[in-house]
Amino acid sequence: MRARPAATAAATLLTALAVGVDPAAAAGPRLSEVTTVGVHNGYSKSAYTYLAQGLDAGTTLLELDVWADPFSRRWRVSHDKPLGNDNNCVKASSPAQLYTGDRNQDLASCLDDLRLWLDAHPTAGPITVKVELKKGFDNRAGLGPDEFDAYVRRHLGSRVFRPADLLGGHPHLDAAARAGAWPSRAALAGRVVVELIPGTLEERNPNDTLWTDVEYASHLRALHAAGRFGEAQAFPAVHRAAPGDPRTRYADAGLRPWFVVFDGDAGAYASGGIDTSWYVRNHYLVVMTDAHAVAPAISATDPTEQQARERLRLLAGRGASVITSDWRALRGVLTAVEARR
């Protein structure tokens, strides 16, 4: 991995102080300089009996499919049940209770389970919590960006690495990312980075003209203008890979600087049609999904460890920050950290 200049190292130390971590732990590669491995839909009971088992396995990305239920005014977690829960989260109040009890709980319990697990594993992480809002926010039901922020803050508290923690004194998130303001992974031990992507249902709904990415980026801009940026808890992601700067898809150019996280199919990024060095140079985070499907395809669930490690190295060389597949049992791969390049 290339050496960091002294000025960048000093900036990392200052960032560590700003987010309340031990400066002695701030050494090592920044979050934007490595590639790690996550599990697709780790909240599913078919993936792990209990959510905590996925964290035990070493995944650095926890994906949650979330529905804004307008009738109960609750955040539900399931793949395809808008008004119910279907997941491996439990109502735990201590780390010892993470492996027992009734599953199929609301988002609150999933976040509580994560917080309790981190309480028991303070040097783990950072963990990216990828939230797919299946049909988007629902402000009319009191389930909009403000409520989401308050909800995450209530259940994860200071565990969250907020947009404000990256921003520092920069005018917007893009400037902060380009300046290399991400802390080191060591400084973010025990912390959570929340990523928001539009849901499959809202993307396919011709009547939905305000998707999660635009709604939350607008929320960030408004909070910043109001001097309340510290309330924001999540980073909106530009969903789906595209050549050039994918943020140009947003007609409102003023929203573009509030996106520094990108999320798309690994095959598209690896095909050679996208200049992924642009993401690395600018210190943007990139989540690459379906890592197994990149040619030549390997098993989505049970590749050999050598195959999975080679795929990790390939996508690290294509600028991935996190790659995801269903390699649930490959602890040696899930815990691997590769230099991003």
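Residues numbered from 1 in each chain as written. Predicted model: local features only at pLDDT ≥ 70, side-chain atom pairs only at ≥ 80, totals over all residues. Heavy atoms only, no water.

As annotated in an unreviewed UniProt entry, the protein chain carries the name Calcium-dependent phosphoinositide phospholipase C and is attributed to Kineococcus xinjiangensis.

**Examining unusual backbone geometry**
Of note, the bond from Gly-125 into Pro-126 is cis; its omega dihedral lies within 30 degrees of zero at 10 degrees. Following the sequence through the fold, Pro-126 ends up in the loop between α3 (107-120) and β4 (127-133). For the bond from Ala-295 to Pro-296, the omega torsion is -5 degrees, close enough to zero to count as cis. By the element assignment, Pro-296 lies in the loop between β8 (285-289) and α11 (305-316). Of note, Arg-73 is a non-glycine position whose phi angle comes to about 55 degrees, a positive value. You can see Arg-73 is positioned in the loop between β2 (61-69) and β3 (74-77). Given the relative accessible area of 54%, Arg-73 is considered exposed. You will see that Arg-240, though not glycine, has its phi angle at about 85 degrees, which is positive. Among the structural elements, Arg-240 can be located in the loop between β6 (234-239) and β7 (261-265). (Helix = DSSP H or I, 4+ residues; strand = E, 2+ residues; numbered from the N terminus. Buried < 20%, exposed > 50% of the residue type's maximum accessible area, 1.4 Å probe, protein only.)

**Quick notes on the state of the cysteines**
For the structure on display, the rule yields one disulfide. Between Cys-89 and Cys-110 runs a disulfide, and the two sulfur atoms are separated by 2.0 Å. Since a negative S-S torsion denotes a left-handed disulfide, the Cys-89-Cys-110 link at about 105 degrees is right-handed. Taken as a pair, Cys-89 in the loop between β3 and α3 and Cys-110 in helix α3 lie far apart in primary sequence, 21 residues in all. Exposure class is identical for Cys-89 and Cys-110. Each is buried. (Disulfide = S-S within 2.5 Å.)

**Concerning the packing of α3 against helix α4 (residues 145-156)**
The axes of two packed helices give the description: the angle between them and the distance between them. Viewed as axis vectors pointing N to C, α3 and α4 meet at an angle of 40 degrees, and their least axial separation amounts to 8 Å. Considering their axes alone, α3 and α4 lie oblique with respect to each other. Considering only the axes of α3 and α4, their crossing is right-handed. Note on element contacts: α4 touches α3 through Phe-148, Tyr-151, Val-152, His-155 and Leu-156, opposite Leu-107, Ala-108, Leu-111, Asp-112, Leu-114 and Arg-115. The class makeup of the residues in the contact of α3 with α4 is eight nonpolar, one polar and two charged. (Axes fitted to C-alpha atoms, helices over the stretch in contact; angles between N-to-C directions. Parallel < 35°, antiparallel > 145°, perpendicular 65-115°, else oblique. Left-handed = near helix turned anticlockwise from the far one by under 90°. Contact = heavy atoms within 4.5 Å. Nonpolar A, V, L, I, M, F, W, Y, C, P; charged D, E, K, R; others polar.)

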